[in-house]
Amino acid sequence: FHCGERERFNRMKQEFIDYFEENHPLRNQIIDSKWRFLDIKKVGWSDLIVSDDQKKIISRNITNFIKNIETYRDNRLPTSRGILITGPPGTGKTLCCEVVVNDLDCSAIYVSTDSVSEVGDIKNVYTLARKISPCLVIVEDIDTLGGLDRTARGGEHPLLGEFLNCLAGMGQNDGVITIATTNYAQHLDAALADRPGRFDVRLDFGLPTDELRKHIITKYLADIGVKIKLNGVIDKTKGLSGAYLKEIVMIAYMISIERDTKLNKEILDEAIGEVVSLKTSINPHFNQGNSVGGQLYG
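Residues numbered from 1 in each chain as written. Predicted model: local features only at pLDDT ≥ 70, side-chain atom pairs only at ≥ 80, totals over all residues. Heavy atoms only, no water.

Asker: Can you help me understand the side chain of S59 in this one?
Answerer: Within the element layout of this structure, S59 appears in helix 2 (residues 52–67). Ignoring sequence-local partners within four residues, the contact set of S59 consists of W45, N64 and F65. (Helix = DSSP H or I, 4+ residues; strand = E, 2+ residues; numbered from the N terminus. Contact = heavy atoms within 4.5 Å.)

Put into structure tokens, the structure is as follows:
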């Protein structure tokens, strides 16, 4: 190339790169780690029962962080973030991730056990995330990804080392937000679970209090057009997660259809009895008196 031709070529090349980065086919798309497109439920904040304080934390560290990422970049501040969401099954961790994805105009990569099993898989996820940033990397049930506790094999776990390098690489994750969920935070290595720069914020989703269980059941009943006074009902649901509360309303609705009658308090009581019986058969140690208070449920 002559000097002028080389300059024109480089200018056209940069224009193409800029255009692709702005309009690439994965922009605002949701995919898994194998590049397969995913559809998720259309849910919003009204579907997630969340305290104002918890919503503020989620907004600050995820939604508003991405929306204001250029400001952080201009001020030479970190433009990556890590959020670890912990809690028992059925307390709204996955729903929270779905709400966040629906709330943002950015790409998202879902990582699950069946898509990450070999050394290099996690590195490939983050390589792609950096290229299509701003991007969410959502790791569901992070504790199941090969057992990311180095004590599980008596030494360093290869996937753990790769994850640590991807999360805390020097200046590598510009525009990448990692959200990981786990039912068993105690199984995570401390280097992963207790280290700002990898996971900066931890949100614990406990089991709902009496007040929140009443709110949850009332909401699910309202969704099917039913309004019932819940006096004496809520105490019978102690120790149940949001998912079990939703199942109570579902069973009550099915019973009302079977009997061709309006869903009432008696039917709701019957449904509670069936769900508690199911819960006890699955977990003989289930104790309704040991409900742990929390802030965030779905």
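Asker: Help me out: how do you make sense of the nonpolar core in this one?
Answerer: Note on soluble globular proteins: their nonpolar side chains tend to be buried together. In this structure, I62, V101, L136, I177 and I179 are the most contacted members of the largest nonpolar core, which totals 30 residues. I179 has contacts with I62, I83, I85, C97, V100, L136, V137, I138 and V139, leaving out every residue within four places of it along the chain. (Core = buried A, V, L, I, M, F, W, Y, C linked by side-chain atoms within 4.5 Å. Buried < 20%, exposed > 50% of the residue type's maximum accessible area, 1.4 Å probe, protein only.)

Asker: Is there a simple way to think about the side chain of S33 in this case?
Answerer: Mapped onto the elements of the fold, S33 is located in the loop between strand 1 (30–32) and strand 2 (49–50). For S33, a relative accessible area of 16% translates into the label buried. Once residues within four sequence positions are removed from consideration, S33 is found in contact with I109, Y110, S115, V116 and V125.

Asker: Can you help me understand helix 2 in this one?
Answerer: Each α-helix turn comprises 3.6 residues. Residues three or four places apart therefore point the same way. Relative to the 22 Å expected for 16 residues at 1.5 Å per residue, helix 2 spans just 20 Å between its end C-alpha atoms, considerably shorter than the ideal helical length. The largest bend in helix 2 comes to about 50°, at S59. Taken residue by residue, helix 2 has Q54, I58, S59, N61, I62, T63, F65 and I66 as its buried positions. (Expected span 1.5 Å × (residues − 1). Bend = angle between axes of the 7 residues up to and from the residue.)

Asker: What is the right way to read a nonpolar patch on the surface from this model?
Answerer: Taken together, the side chains of I224, Y253 and I257 make up a nonpolar region of the molecular surface, amounting to roughly 260 Å² of accessible area. Along the chain, the position of Y253 falls in helix 9 (residues 242–258). (Patch = residues over 30% accessible without salt bridge, like charges linked within 9 Å, V, L, I, M, F, W, Y side chains within 5 Å. Areas by Shrake-Rupley, 256 points an atom, 1.4 Å probe, with all protein chains shown as cover. Salt bridge = Lys/Arg side-chain N within 4 Å of Asp/Glu carboxyl O.)

Asker: How do you make sense of the sheet that holds strand 4 (residues 107–111) when you look at a structure like this?
Answerer: The strands making up a sheet are joined through hydrogen bonds of the backbone, oriented either antiparallel or parallel. Here 6 strands make up an open sheet; going across it, the order is 1-4-5-6-3-7 and the pairing parallel. Among the strands making up the open sheet, the edge pair consists of strand 1 and strand 7 (201–204). When strand polarity is set aside, the average angle formed by the axes of neighbouring strands in this sheet is 20°. Relative to strand 5 (residues 135–139), strand 4 runs parallel, the two sharing 5 bridges. Looking at the pairing, I109 lines up with V137 of strand 5. On top of the sheet, helix 4 (residues 93–103) reaches strand 1, strand 3 (81–86), strand 4, strand 5 and strand 6 (176–182); it is set at about 160° to strand 6, its chief contact. (Pairing = 2+ DSSP bridges. Axes fitted to C-alpha atoms, helices over the stretch in contact; angles between N-to-C directions.)

Asker: Even after reading the chapter, I still don't get the pattern of salt bridges, so can you show me in this structure?
Answerer: Side chains bearing opposite charge may pair, as long as their charged atoms lie close to each other. Scanning all chains against the criterion turns up 11 salt bridges. With a closest N to O distance of 3.0 Å, D210 and K238 form a salt bridge. With a gap of 28 residues between them, D210 in helix 8 (residues 210–223) and K238 in the loop between helix 8 and helix 9 connect regions that are remote in the sequence. Overall, D210 belongs to the partly exposed group, its relative accessible area being 34%. Through salt bridges with shared partners, a single network forms among E70, R73 and D174.

Asker: What is the right way to read the environment of N102 from this model?
Answerer: Looking at the secondary structure, you find N102 in helix 4. For N102 and W45, which are 57 residues apart along the polypeptide, the C-alpha to C-alpha distance reads 9.5 Å. N102 has contacts with I40, K41, K42 and V43, leaving out every residue within four places of it along the chain. A distance of 2.9 Å separates the side chain of N102 from the backbone oxygen of K41, its partner in a polar contact. (Polar contact = N/O pair within 3.5 Å; in protein donor to acceptor, adjacent residues only side chain to side chain.)

Asker: Explain the confidence of the model for the chain here, please?
Answerer: Any region with low pLDDT has predicted coordinates that should not be read closely. Of the residues in the chain, 84% have a pLDDT of 70 or more, and the chain-wide mean is 82. Mean pLDDT across the elements of the chain bottoms out in strand 8 (residues 296–297) (40) and peaks in helix 9 (95). With pLDDT under 50 throughout, residues 290–298 is counted as low confidence; its partners more than four residues away or in other chains account for 46 contacts. (pLDDT = per-residue confidence, 0-100.)

Asker: Which parts of the structure should I look at to understand the environment of D204?
Answerer: Inspection of the secondary structure puts D204 in strand 7. D204 sits 23 residues away from T181 along the chain, and the two C-alpha atoms are 9.9 Å apart. In contact with D204, other than residues within four places in its own chain, are Q54 and T86. A polar atom in the side chain of D204 sits 2.3 Å from the side chain of T86.

Asker: Honestly, the packing of helix 8 against helix 9 in this entry has me stumped. Any pointers?
Answerer: Two elements in contact, helix 8 and helix 9, have axes whose closest approach is 9 Å; the angle formed by their N-to-C orientations is 40°. Looking at the two axes, helix 8 sits oblique to helix 9. As for the relative orientation of helix 8 and helix 9, their crossing is right-handed in sense. Along its contact with helix 8, which presents R213, I216, I217, Y220 and L221, the element helix 9 presents G242, L245, K246 and V249. Looking at the contact of helix 8 with helix 9 residue by residue, the classes come out as 6 nonpolar, 1 polar and 2 charged. (Parallel < 35°, antiparallel > 145°, perpendicular 65-115°, else oblique. Left-handed = near helix turned anticlockwise from the far one by under 90°. Nonpolar A, V, L, I, M, F, W, Y, C, P; charged D, E, K, R; others polar.)

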